[in-house]
Amino acid sequence: KMPFHIIEGDITKLDTDAIVNAANNTLLGGGGVDGAIHRAAGPQLLQECRTLNGCETGDAKITDAYNLPSKKVIHTVGPVWYGGTENEPELLKSCYQKSLELAKENGLNSIAFPLISSGIYGYPKDKALKIATDTIKEFLEDNEMDVYLVIFDQKSFQIDRDLKEDLSEYINENYVKGPKVRLKQNPNLSETIVGFEDAYLRELNCLAPVSTFSISEDLSDRIGNREDSFSELLLKKIDEAHMTDPECYKRANIDRRLFSKIKNNKDYCPSKETAIALALSLELSLEETNDLLERAGYTLSKNKLSDVIIQYFIDNKIFNIFQINEALFYYDQKLLGA
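Residues numbered from 1 in each chain as written. Predicted model: local features only at pLDDT ≥ 70, side-chain atom pairs only at ≥ 80, totals over all residues. Heavy atoms only, no water.

Trainee: Would you explain the pairing of strand S4 (residues 72-77) in this entry?
Mentor: Side-chain direction in a regular strand flips from residue to residue, so the side chains alternate between the two faces of the sheet. Where burial is concerned, most of S4 is hidden: five out of the six residues are buried. The pairing of strand S2 (residues 18-23) with S4 spans six bridges and is classified as parallel. Pairing of Ala-18 across the sheet is with Lys-72, part of S4. Pairing analysis gives five bridges linking strand S3 (residues 60-64) to S4, with the strands arranged antiparallel. In the sheet register, Ala-60 faces S4, and the bridge partner there is Thr-76. (Buried < 20%, exposed > 50% of the residue type's maximum accessible area, 1.4 Å probe, protein only. Helix = DSSP H or I, 4+ residues; strand = E, 2+ residues; numbered from the N terminus. Pairing = 2+ DSSP bridges.)

Trainee: Please clarify how the environment of Gly-54 should be interpreted in this entry.
Mentor: Tracing the backbone through its elements, the reader meets Gly-54 in the loop between helix H2 (43-49) and S3. Residue classification places Gly-54 among the buried positions, given a relative accessible area of 11%. Residues Gly-54 and Leu-28, 26 residues apart in the sequence, show an inter-C-alpha distance of 8.0 Å. Ignoring anything within four residues of it in the chain, the contact list for Gly-54 reads Asn-25, Thr-26, Leu-27 and Lys-61. (Contact = heavy atoms within 4.5 Å.)

In short, shape yes, function no, at least from these values alone.
Okay, structure coming up:
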């Protein structure tokens, strides 16, 4: 798990401790996600909502979840979009803040949000997304909770227009679609390995003796002669940055338990997504990032779309992993973190 996830799916199917309902002021059901949650929960939800006397815009109230797989439903009322002149950003931010605070007060460890106000209330999706991620990020800096942002249809997902145009241009200039590399047949293996990619690099460095594979002498030397493991170099970089461990793993969007595994086992090899996330949390240059990644058997490649996207953000000195994950989700790539 990691603290913040962007996923495509149906929020009524999630078994998080709480799901958030983008409700109207009456709390008595409506269209969109509101209607879907009421239908899935059953008539008992409506009965309880009748006792709550409605809800002000920007506020939140909590009920049981009844027939839903989640434990609780947190109802919040987002603002209608009037062009940004009617306090909409502050009200929308309050929806996320009040919902997260309510989950914390009730001892809940996981919560799933829809993109509030971005449907029939007309809030521009890219602006609604920025408020959602900024507010969630701010909360997670001081709290431990798994937070999901659930996008019902990825095709409707939007990121900042200027970022999208700039990133698209960068991808067109730097993304190289090349054929996979075919390794030589090793007599000790049952079949030829095609696609010498991250998993094999990781196995070379962490799980198997170098002699198992037919690789170049240069790569063998690079793997065999390193003084510091990934964990050891990571801890050195954290010290050099005068950063605390919690600052590092929170900025990397990974949880404390995983960071503890990496810290306490010098031979632990994290996934590539986790390794990149930790490099970003330290705001390393591209060269420093690849140096750290190589300790776990990885590298950033122009043959891989997700790597090119990550290189764009590093080149532009943008290290906000929430924003990077938004772009990765938009391009249907695996998100960074645990």
